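Residues per chain, in single letters:
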Amino acid sequence: FGIKSSCEIYRAQMIIYNRWGQAIHRSQGVNPTWDGRFAGEGCPEGVYAYKLVYQVGEGFPEKEHPGTLFRCRKY
């Protein structure tokens, strides 16, 4: 899971939460991603919440975008 934007991202942080609200993944940079794992193990199918905090340029205010995603496993 990653972000796709029509504008250049200056910096971003992505946090993924499980159904109990526990942060299970954090990544940052210009293109943060999540590979569907927690502690080296593939996470089970289900709905996960995420929060993306990003900035489009130096001096611009940070913006926050919360959302959900459905993780389905390939068998």
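Keep in mind it's a predicted model, so treat the numbers as computed, not measured.

From N to C terminus, the protein chain includes zero helices and six strands. Each helix (α) and strand (β) of the protein chain, taken in turn from the N terminus, gives the series β-β-β-β-β-β. The buried share among the 75 residues of the protein chain stands at 31%. Across the protein chain, the fraction of contacts at a sequence separation of at least 24, relative to all contacts at a separation of at least 6, is 44%. The centroid of the 10 positive side-chain charges in the protein chain is displaced by 6 Å from the centroid of its 7 negative side-chain charges.

As a further point, take the nonpolar core. Listed in full, the eleven residues of the largest apolar core are Ile-9, Ala-12, Met-14, Ile-16, Ile-24, Trp-34, Cys-43, Tyr-48, Tyr-50, Leu-52 and Leu-69. Within the residue set of this core, elements represented by two or more residues are strand 1 (11-17) and strand 5 (46-55). Non-local contacts of Trp-34, meaning those with residues more than four positions away in its chain, are made with Phe-1, Met-14, Ile-16, Ile-24, His-25, Cys-43, Tyr-48, Leu-69 and Arg-71.

Strand order in the open sheet formed by four strands is 2-1-5-6, with antiparallel pairing between adjacent strands. The strands lining the two open edges of the sheet, one partner per strand, are strand 2 (23-29) and strand 6 (63-71). Taking the axes of each pair of neighbouring strands and ignoring which way they run, one obtains an average angle of 20° across the sheet. Examined bridge by bridge, strand 1 and strand 5 share seven bridges and lie antiparallel to one another. In the sheet register, Ala-12 faces strand 5, and the bridge partner there is Tyr-54.

This next bit is on the environment of Phe-60. Assignment of secondary structure puts Phe-60 in the loop between strand 5 and strand 6. With a relative accessible area of 49%, Phe-60 lands in the partly exposed category. Separated by 26 residues in sequence, Phe-60 and Trp-34 place their C-alpha atoms 25 Å apart.

Let us now look at the environment of Arg-73. Mapped onto the elements of the fold, Arg-73 is located in the segment after strand 6. The spatial distance from the C-alpha of Arg-73 to the C-alpha of Ile-3 is 20 Å, given a sequence separation of 70 residues. Apart from the residues lying within four places of it in its own chain, the contact partners of Arg-73 are Gly-42, Cys-43, Pro-44 and Glu-45.

About the cut-offs
- All chains use their own residue numbering, which begins from 1 and follows the written sequence.
- Given that this is a predicted model, residues contribute local features only at a pLDDT of at least 70 and side-chain atom pairs are listed and counted only at 80 or more, while totals for whole chains, interfaces and linings are drawn from all residues.
- Heavy atoms throughout the structure, all of them, feed into the side-chain values; hydrogens and water do not.
- Put simply, DSSP marks the helices as runs of H or I at least four residues long and the strands as runs of E at least two long, and each gets a number from the N terminus on.
- Here's how the labels work: a residue is buried when its accessible area is under 20% of the maximum for its type, exposed when over 50%, partly exposed in between, all with a 1.4 Å probe on protein chains only.
- We call two residues in contact when some of their heavy atoms are within 4.5 Å.
- When charges are tallied, Lys and Arg are placed among the positive residues and Asp and Glu among the negative ones, while His and the ends of the chain are skipped.
- Note on charges: their place is set at NZ of Lys, CZ of Arg, CG of Asp or CD of Glu.
- Buried Ala, Val, Leu, Ile, Met, Phe, Trp, Tyr and Cys residues form a nonpolar core when they are joined through side-chain atoms within 4.5 Å.
- We call two strands paired when DSSP finds no fewer than two bridges between them.
- Angles here are taken between N-to-C directions and fall from 0 to 180 degrees, while the axes themselves are lines fitted to C-alpha atoms, restricted in helices to the stretch in contact.

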